[in-house]
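Examination of the molecular architecture
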Amino acid sequence: MKVLIVDDEEHVREGIEFSITWEKFGVKERLLADNGVEALDLIRLHHPAVVFCDMKMPVMNGIELLEKIREEKFNTQVIVISGYSDFEFTRAAIKANGIDYILKPIRRKELEEAMQRAVDAWNKLEDGKQAEARLGAIARKADALLEEEKLVMLAKGDRSSINVVKKMFGRIGLPESSLNIVMILPKNRLDIVSNRFMMDDQLFFFAINNIVLDAMGKDRPYYLCRLDEYQWMLVTAVQGKDLALYLNRVRRAWKDTLGLEVLAGECKQLYALENISEGVGEARKELLNSNVFSGRPEAPDDAGAEEAGMKNYLLLLKNAIETGNKHLVSEIVSSYADSLCAAGVLPLKELQLCSMEANLMLGRLIAKQKETLPILYLPLWISDLNEWKKMLVQQLWILMESMSKQPSPGYGGIEEIRDYLHAHFEEEISLTVLSEKFHFSPQYISKKFKETCHSTIITYVTELRIGKAKTLLRNTQLSVSEIASQVGYADENYFSKAFKKQVGLSPLLYRKSD
């Protein structure tokens, strides 16, 4: 927060500056001016929250300055400093604009009381602006999601939304014909969303889109949308060698920036807008022949077919599930995945067959239970074997946890997880990490931890980190950056925001407070 003090008398400016405990109000910068013109320039440049303003000044007086501030619609709150003889002259203008005033000679208590009223008024206006901005952002986001939904409908063959899509394409510069359709499958999406985006899938896709925009450039319009959580569709008018060039650039950017790897299937011909669904079908055929391990559509039709069948493992899995042995379930699935890796070639269509067999097994096991259990399945378009393995293990664990009233013995419970958080809160912690360590599904850990500790994992870890940071701020001379690192934050700015949200003060102000 910034404050501007305007008075043609230096001793008055200094008196105001030294009479107020600025830190108490969150003021980080104080600006000084000795006339209205200089003050107006500073207001336009710095947008101070509060202005202390004399009425009688050379060049431009206080009344004129006040009028300029209101004309240009600044949120700045003005506290008028007025001599007794000027009071009647200025009272009407002051009241009409809802500002505070102080009569000379100035008293410290009056200054701080006026400052508090001004800060409260400024905060109220700022909160209103932020709320308006948030509503605008929500409306824009809703519009974007609606447009994406309409394009998804068209991609699935429903042409009822074509007029909306035409309007959208016209706005972003895409033609209605000669369109290239590229189907993209993110391979390690779950790991990235869990470890880098705290399970915020919307934020992840926002980052993905920004990287595409940077790699493609603003002069090459495109539209990237999600048909579901695993299938992305890229629509562009870029053709031929240029498409291969820019697609490779996008893939490298995703890999370098986020560590994301993808499979991509391109159409061999161009499509009109109303025939996008045909392009999606052609691109999917290309994807199905892609080798999961290399991402290239080079695998022969029969490659991996013998190795891919799960039938030899299903009986072992069934027995392990019925005996409640989570560790054995994990070992069996890992052994099967290792056998697929050893083959070196695994067409995506064969991995889909594995998913279908796994889903059939899950369905049969669920059907045998007397009580209603959650619907469990593997998405067919998973294209990363490691993610496929993790998700299958998690689905099986969820099934076992639903079948059993108590956690399996020997694998720890929520109390052990809480103890682990206390001992390791400064390390990278996610539901995936906890799931692999304690042999519970992420869903089980999330649900049971909240029931037991009345808090989410993320909130609990944040409270532990901030608690430790408060101790270090009060009892050591470590810098904010060093403390952030010690409690598990790689980014000092992110730590400061999290600290202020939790405590109500920045780390430095907290250190200075009693």
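My aim in this report is to walk through the structure given alongside it, one point at a time. What you see is a predicted model; the values in this text were computed from it and never measured. (Residues numbered from 1 in each chain as written. Predicted model: local features only at pLDDT ≥ 70, side-chain atom pairs only at ≥ 80, totals over all residues. Heavy atoms only, no water.)

1. Remarks on the overall build of the chain
A tally of helices and strands in the chain yields 22 helices and nine strands. Rg of the C-alpha trace for the chain: 31 Å, well past the compact-globule value of 24 Å for 514 residues, more than 25% over. Oriented by its inertia axes, the alpha-carbon framework of the chain measures out at about 100 × 60 × 40 Å. Every one of the 514 residues in the chain was classed for burial, and the buried ones make up 46%. (Helix = DSSP H or I, 4+ residues; strand = E, 2+ residues; numbered from the N terminus. Rg over C-alpha atoms; globule rule 2.2 N^0.38 Å. Buried < 20%, exposed > 50% of the residue type's maximum accessible area, 1.4 Å probe, protein only.)

2. Comments concerning the sheet that holds strand S6 (residues 180–186)
What the four strands build is an open sheet, ordered S7-S8-S6-S9; its pairing is antiparallel. The open sheet has two edge strands with one neighbour each: strand S7 (222–226) and strand S9 (262–266). Each strand axis lies, on average, 20° off the axis of its neighbour in the sheet, ignoring direction. Judged from the five bridges that link them, S6 and strand S8 (residues 232–236) form a sheet pairing that is antiparallel. Across the sheet, the residue bridging to Val-182 is Leu-234, located in S8. Of the strands in this sheet, S6, S7, S8 and S9 touch helix H9 (residues 240–258), which is tilted by about 165° from S9. (Pairing = 2+ DSSP bridges. Axes fitted to C-alpha atoms, helices over the stretch in contact; angles between N-to-C directions. Contact = heavy atoms within 4.5 Å.)

3. Describing the environment of Thr-459
Residue placement: Thr-459 occurs in helix H19 (residues 457–475). Looking at Thr-459, its side chain comes within polar contact range of the side chain of Thr-456, at 2.9 Å. (Polar contact = N/O pair within 3.5 Å; in protein donor to acceptor, adjacent residues only side chain to side chain.)

4. Side note on helix H7 (residues 189–196)
For H7, the full list of buried residues reads Arg-189, Ile-192, Val-193 and Ser-194. The inward-facing, buried residues of H7 abut S6, helix H8 (201–216), H9, helix H15 (385–403) and helix H17 (431–438).

5. With respect to the packing of helix H16 (residues 414–424) against H19
Where H16 contacts H19, the two axes come as close as 10 Å, and the packing angle between them is 40°. It follows from the interaxial angle that H16 and H19 lie oblique. Helix-helix and strand crossings are classified by hand; for H16 and H19 the assignment is right-handed. On H19, the residues touching Arg-418, Leu-421 and His-422 of H16 are Ile-457, Tyr-460, Val-461 and Leu-464. Each residue belonging to the contact of H16 with H19 can be placed in one class, and the counts come to five nonpolar, one polar and one charged. (Parallel < 35°, antiparallel > 145°, perpendicular 65-115°, else oblique. Left-handed = near helix turned anticlockwise from the far one by under 90°. Nonpolar A, V, L, I, M, F, W, Y, C, P; charged D, E, K, R; others polar.)

6. Thoughts on the pairing of S7
Summarising burial for S7: five of the five residues are buried, a large majority. Side chains Tyr-222, Leu-224 and Arg-226 of S7 all project onto a buried face; the interleaved residues Tyr-223 and Cys-225 project onto the opposite face, where all are buried too. As judged from the five bridges shared by S7 and S8, these two strands associate in the antiparallel manner. Along S8, the bridge assignment pairs Arg-226 with Trp-232.

7. A look at the packing of aromatic side chains
Overall, the coordinates contain eleven aromatic pairs when judged by the stated rule. With centroids separated by 5.4 Å and ring planes inclined at 75°, the aromatic side chains of Phe-205 and Trp-232 adopt a geometry described as edge-to-face. Here Trp-232 lies in strand S8 and Phe-205 lies in helix H8, a separation of 27 residues in the sequence. Trp-232 matches Phe-205 in its accessibility class, with the two residues each being buried. Centre to centre, the rings of Phe-499 and Tyr-510 are 5.6 Å apart; their planes meet at 70°, and the pair counts as edge-to-face. In this pair, Phe-499 is assigned in helix H21 (residues 492–503) and Tyr-510 in helix H22 (residues 507–512), connecting sequence segments eleven residues apart. The pair Phe-499 / Tyr-510 is uniform in exposure class, with both members buried. (Phe/Tyr/Trp six-rings, centres within 6.5 Å; stacked < 30°, edge-to-face > 60°.)

8. Focus on unusual backbone geometry
Positive phi outside glycine occurs at His-47, with the angle close to 50°. Mapped onto the fold, His-47 is located in the loop between helix H2 (36–46) and strand S3 (50–54). We note that His-454 has phi near 55°; this positive angle belongs to a residue other than glycine. Considering the arrangement of structural elements, one finds His-454 in the loop between helix H18 (442–453) and H19.

9. Notes on H2
Those residues of H2 that sit buried are Gly-36, Ala-39, Leu-40, Leu-42 and Ile-43. The buried side chains of H2 occupy one side of the element, clustering within an arc of 165° when seen end-on. Taken together, the buried residues of H2 touch strand S1 (2–6), strand S2 (29–33), S3 and helix H3 (62–71). Among the residues of H2, the N-terminal cap falls to Asn-35, whose side-chain oxygen and the backbone nitrogen of Val-37 are separated by 3.0 Å. Just downstream of H2, His-47 is the residue with a positive phi angle, here 50°. (Arc of directions from axis to C-beta.)

10. Side note on the nonpolar core
With 62 residues, the main nonpolar core has Leu-151, Phe-169, Met-233, Ile-276, Trp-388 and Leu-396 as its most contacted residues. Examining the composition of this core, we find that ten residues originate from one element, H15, more than from any other. Dropping the residues within four chain positions of it, Ile-276 is found in contact with Leu-151, Ala-155, Ile-181, Met-233 and Val-235. The next biggest cluster of nonpolar side chains, apart from the first, holds 28 residues, and it includes Phe-205, Leu-224, Ala-253 and Leu-258. (Core = buried A, V, L, I, M, F, W, Y, C linked by side-chain atoms within 4.5 Å.)

11. Some points on a nonpolar patch on the surface
Taken together, Leu-353, Met-356 and Leu-380 make up a surface patch of nonpolar side chains, about 240 Å² in accessible area. Relative to the helices and strands, Leu-353 is located in helix H14 (residues 348–367). Of the residues examined, Leu-353 reaches a relative accessible area of 41% and is grouped as partly exposed. (Patch = residues over 30% accessible without salt bridge, like charges linked within 9 Å, V, L, I, M, F, W, Y side chains within 5 Å. Areas by Shrake-Rupley, 256 points an atom, 1.4 Å probe, with all protein chains shown as cover. Salt bridge = Lys/Arg side-chain N within 4 Å of Asp/Glu carboxyl O.)

12. Examining the environment of Met-168
In this fold, Met-168 is placed in helix H6 (residues 162–172). Looking at Met-168, the relative accessible area reads 1%, which means it is buried. When the C-alpha positions of Met-168 and Leu-185 are compared, they lie 24 Å apart, and in sequence the two are 17 residues distant. If sequence neighbours within four positions are ignored, Met-168 has contacts with Glu-147, Leu-151 and Tyr-223.

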